[in-house]
Amino acid sequence: DKGGWSSFMAKEISEEPEAVANTIRGRIHEGQVEIPELDGLDELFAGINRVIIVACGTAAYAGQVGKYAIEQWARIPVDVELAHEFRYRDPVIGDDTLVVSISQSGETMDTLMAVKYAHERGAKTLSICNTQGATIPRESDAIVYTHAGPEVAVASTKAFVAQITALYLLGLHVGRVRGTLSAVEAEQHVRELESIPAKIRRIIDEEQGRIEQLAHWMADTRSVLFLGRHVGFPIAMEGALKLKELAYIHAEGFAAGELKHGPIALIEAGQPVFVIVPSPRESAELHKKVVSNIEEIRARGARVIAIAEEGDAAVLPHADEVLRIPLAGPLFEPLLAVIPLHIYAMALSMAKGLDVDQPRNLAKSVTVE
Ligand code: F6R
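Keep in mind that this is a model prediction, so the values were computed, not measured.

Definitions and cut-offs
Residues numbered from 1 in each chain as written. Predicted model: local features only at pLDDT ≥ 70, side-chain atom pairs only at ≥ 80, totals over all residues. Heavy atoms only, no water. Helix = DSSP H or I, 4+ residues; strand = E, 2+ residues; numbered from the N terminus. Expected span 1.5 Å × (residues − 1). Buried < 20%, exposed > 50% of the residue type's maximum accessible area, 1.4 Å probe, protein only. Pairing = 2+ DSSP bridges. Axes fitted to C-alpha atoms, helices over the stretch in contact; angles between N-to-C directions. Contact = heavy atoms within 4.5 Å. 1 Å grid on protein atoms, 1.4 Å probe; cavity = no way out; pocket = protein on both sides within 12 Å on 5 of 7 lines; lining within 4 Å. Points joined across faces, edges and corners; volume = space filled by probe spheres on them. Nonpolar A, V, L, I, M, F, W, Y, C, P; charged D, E, K, R; others polar. Near = heavy atom within 4 Å. Polar contact = N/O pair within 3.5 Å; in protein donor to acceptor, adjacent residues only side chain to side chain. Parallel < 35°, antiparallel > 145°, perpendicular 65-115°, else oblique. Left-handed = near helix turned anticlockwise from the far one by under 90°. Core = buried A, V, L, I, M, F, W, Y, C linked by side-chain atoms within 4.5 Å.

Helix length check: helix α10 (residues 232-247) (16 residues) gives 22 Å between terminal C-alpha atoms against 22 Å at 1.5 Å per residue, within 8%. When you tally the buried positions in α10, you get 13 out of 16 residues, the bulk of the element. Downstream of α10 by one or two residues, Y248 has phi in the positive range, about 55 degrees.

Ordered by their spatial adjacency, five strands build an open sheet running β4-β3-β5-β6-β7, and the pairing between neighbours is parallel. Either end of the sheet is taken by a strand with one partner, and the two such strands are β4 (78-82) and β7 (142-145). On average, adjacent strands in this sheet sit at an angle of 20 degrees to one another, irrespective of strand direction. Where strand β6 (residues 124-129) and β7 come together, four bridges link them in parallel fashion. Paired with L126 across the two strands is A142, which belongs to β7. Relative to the sheet, helix α8 (residues 158-177) contacts β3 (50-55), β5 (97-103), β6 and β7, its axis offset from that of β5 by approximately 155 degrees.

The subject of this paragraph is unusual backbone geometry. The phi dihedral of E30 falls on the positive side, at around 45 degrees, and the residue is not glycine. With respect to the helices and strands, the residue E30 is situated in the loop between β1 (28-29) and β2 (32-33). By relative accessible area, E30 is classed as exposed at 69%. Even without being a glycine, R75 presents a positive backbone phi close to 45 degrees. Counting through the fold element by element, R75 comes out in the loop between α4 (57-74) and β4.

Further remarks concern the layout of surface pockets. If you roll a probe as big as a water molecule over the atoms, it shows you where there is empty space left. Considered as a void within the structure, the largest pocket measures approximately 540 Å³ in volume. Together, 27 residues line the largest pocket, and C56, G57, T58, K364 and V366 are the ones closest to its centre. For the lining of the largest pocket, the secondary-structure elements that each account for two or more residues are α4, β5, α6 (109-120) and α10. A class-by-class count of the residues in the lining of the largest pocket yields ten nonpolar, twelve polar and five charged.

Turning our eyes to something else, we now look at the site of the ligand. Close contacts around the ligand come from 14 residues, with S103, Q104, S105, T108 and E245 the closest. Here an oxygen atom of the ligand and a backbone polar atom of T58 are 3.2 Å apart. V154 places a polar main-chain atom, nitrogen or oxygen, 3.5 Å from an oxygen atom of the ligand. Elements that contribute at least two residues to the shell around the ligand include exactly α4 and α10. Of the residues assigned to the shell around the ligand, the class counts are five nonpolar, seven polar and two charged.

Looking now at the packing of helix α2 (residues 16-24) against α8. Running from N to C, α2 and α8 cross one another at 30 degrees; their axes reach a closest spacing of 8 Å. Judged by the angle between their axes, α2 and α8 are roughly parallel. Judged by the sense of rotation from one axis to the other, the crossing of α2 with α8 is right-handed. Taking contact as the criterion, the partners of E16, A19, V20, T23 and I24 in α2 are, on α8, K158, V161, A162, T165, A166 and L169. Here the residues of the contact of α2 with α8 are counted per class, giving seven nonpolar, two polar and two charged.

Right, let's get into the nonpolar core. Ranked by size, the top nonpolar core spans 95 residues in total, and within it L126, Y168, L243 and F274 carry the most contacts. Of all the elements, helix α12 (residues 333-351) adds the most residues to this core, at twelve residues. Not counting residues up to four positions away in its chain, the partners in contact with L126 are L38, F45, L98, V99, V100, S101, S140, A142, V144 and L170. Core analysis: the next-biggest nonpolar cluster, separate from the first, contains 21 residues, V273, V277, V290 and V304 among them.

Honestly, it's all geometry; don't read function into it.
Below you can see the structure in the form of structure tokens.
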């Protein structure tokens, strides 16, 4: 039931704040992460020296965001692999490896086969999944459910922010178990995570109208590029994937630092480019670099739509449009920066008169390899 919304996607984007809040709920005790499902499983994290995240599509981008946080907090190397690539290259894994799978449906065949393969090779397996009792969690040693609620629209939105949230909870938990994160630090991150749902709500309330307007003007656009750096890089790729899926527009996400190594050749007059700008307070150096990337593409005629922190005045002279997100610590920005991109892809699809819930050629759960 769409509950009065024009589409399931509109409803599910409006539920992104709750997807985060419900995934946190019941897992914080006195400022510390306590995940009941992981009770008694400390040995799962104690004996490992690496983590491999396996997933497909949007779930893999959530994994890439999670990598930054888990490495930083738990000081353990994390690789992110597309599940369908993983088992065909004889990966180096064993009982020192924790394989974390991420799947909204829990039925994606590529991801399931990667988990089974990891298990056969003696690795430990943990499933981050949105669907109770699905096949992938049943095949795993441990489960951390995301509580985004049922996702009906084929393209994933609220499950994505819930997946990042679950990865962050996991990163904080493993950081505490391994002793790489103090209780005081962990509590700061917990508080920050708890502040995210209200910030997402604010973006929806304050920017949705402008983004829809922007999408309306851009209904004839044939190509859109997305640039990001650090945790903004997987968000750029997520923005591009959503646009391909929902609006059938050619889109690419790039790491901003990679621009001069090739992609800048794509820039010509009028090319729309979304740029996710890191916080000038939290990451002054990266902010400066991304602003200079904006100048470079602007000088070549790009039309720049910046997604920037409130109060970041330095981007103003360089961008054609600025979409604002509330202040957040550097690792938490992705949970905010992705919201305008989800709204934009939906709005552009609608501006083109397409079916946002059921894009052509796609199925909600991909149960064939
Ligand atoms: C993109 C999208 C897909 C899924 C991917 C994995 O909007 O929905 O890329 O993320 O097919 O699906 P799950 O998470 O069910 O394994």
